[in-house]
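# Report on the structure
Listed here are the chains, written in short residue letters.
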Amino acid sequence: MESNAKILNTVKLSGSILLTIGILTFFYSSFVNGYGNLTGISIGIIMGAVFIFLMGVFFVATEEMLKTADKGILLEPTKKN
C-alpha cells in the first residue's frame with residue numbers, strides 16, 4: 001500500500017501543478033492577452049492534467065485490485081468423446 005500511496009501522491013501533485021498552469025494560462029490568454037492560439041494550448045494542458053490524474057488513479061485502483069483478488073481459477077478439463 002505504501003507504493004500505491006506514493007504513486008497516488010505523485011499523480012496528484014503533478015496533476016495539480018499542470019492544472020494550475022493550464023488555468024493560469026487560460027485566464028491570461030482570454031482576459032489579458034487575447035490570443036486565440038494560447039487558449040487552445042491552455043485547454044490542452046488542462047485536459048492533459050485531468051488525463052494524467054485519471055490514468056494514475058486507474059493504475060493504483062487496478063494494482064490494488066490485483067493484490068487483493070484471489071489468484072488462480074480452477075478450470076475442469078473437458079472430456080472428448
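The structure this text deals with has already been given above.
Calculation rules
- Here the residue numbers are simple positions, counted from 1 along each chain's written sequence.
- Reporting in this predicted model follows two pLDDT cut-offs: at least 70 for local features of residues, and 80 or more for side-chain atom pairs to be given and counted; totals over whole chains, interfaces and linings ignore these cut-offs and use all residues.
- Values shown for side chains rest on all heavy atoms present in the structure; no hydrogens or waters enter the calculation.
- Helix and strand labels come from DSSP, where a helix needs a run of H or I of at least four residues and a strand needs a run of E of at least two; each type is numbered from the N terminus.
- Only protein chains enter the area calculation, which uses a 1.4 Å probe; residues under 20% of their type maximum are buried, those over 50% are exposed, and those in between are partly exposed.
- Any two residues having at least one pair of non-hydrogen atoms within 4.5 Å are treated as being in contact.
- Per-residue and other accessible areas were derived by the Shrake-Rupley procedure at a 1.4 Å probe size, with only the shown protein chains allowed to occlude residues.
- Where helices are involved, their axes are fitted lines through C-alpha atoms of the stretch in contact, as for all axes, and angles between N-to-C directions lie from 0 to 180°.
- Comment on the angle field: the value is read as roughly parallel under 35 degrees, roughly antiparallel over 145, roughly perpendicular from 65 to 115, and oblique elsewhere.
- Left-handed describes a crossing whose near helix is turned anticlockwise from the far helix through less than a right angle; right-handed describes the clockwise counterpart.
- Residue polarity follows a fixed list, in which Ala, Val, Leu, Ile, Met, Phe, Trp, Tyr, Cys and Pro are nonpolar, Asp, Glu, Lys and Arg are charged, and the others, Gly among them, are polar.
- By this rule, a helix spans an expected 1.5 Å times one less than how many residues it contains.
- Stacked, tilted and edge-to-face are the three classes applied to pairs of Phe, Tyr and Trp rings, where Trp contributes its six-membered ring and a pair requires centres within 6.5 Å; stacked means planes under 30 degrees apart, edge-to-face means over 60, and tilted covers the rest.

This part is about the overall build of the protein chain. Each helix and strand counted, the protein chain has two helices and zero strands in total. In the protein chain, which comprises 81 residues, the share counted as buried stands at 14%. Pairs at least 24 apart in sequence give 62% of the contacts found in the protein chain among residues at least 6 apart. When the accessible surface of the protein chain is summed, it comes to about 6,700 Å², and 72% of that surface belongs to carbon and sulfur atoms.

As a further point, take the packing of helix α1 (residues 2-33) against helix α2 (residues 36-68). Packed helix pairs are specified by the crossing angle of their axes together with the interaxial distance, meaning the distance between the axes. In the contact formed by α1 and α2, the axes pass within 8 Å of each other and the chain directions differ by 165°. By the angle class used here, α1 and α2 are roughly antiparallel. Classified by chirality, the crossing of α2 by α1 is left-handed. Of the residues contributing to the contact of α1 with α2, the split by class is 18 nonpolar, 12 polar and four charged.

Along the chain, the position of Asn4 falls in helix α1. Residue classification places Asn4 among the buried positions, given a relative accessible area of 0%.

Moving on, we get to α2. Each α-helix winds once per 3.6 residues, and so residues spaced three or four apart point in a common direction. Here α2 is 33 residues long and its end C-alpha atoms lie 49 Å apart, about the 48 Å a rise of 1.5 Å per residue gives. Regarding α2, the residues found buried are Thr39, Ser42, Ala49, Gly56 and Val60.

Turning to the packing of aromatic side chains, a few remarks are in order. Within this structure, the stated rule accounts for two aromatic pairs. Ring geometry for Phe26 versus Phe27: centroids 6.2 Å apart, planes at 55°, classification tilted. A residue is classified by how much of its surface remains accessible, and Phe26, at 28% relative accessible area, is partly exposed. Ring centres 5.8 Å apart and planes at 25° place the aromatic pair Phe27 and Phe31 in the stacked group. Of the two residues, Phe27 and Phe31 are both situated in helix α1; the distance of four residues between them amounts to about one turn of the helix. The class for Phe27 is partly exposed, based on a relative accessible area of 42%. Taken together, the ring pairs connect Phe26, Phe27 and Phe31 into an aromatic cluster.

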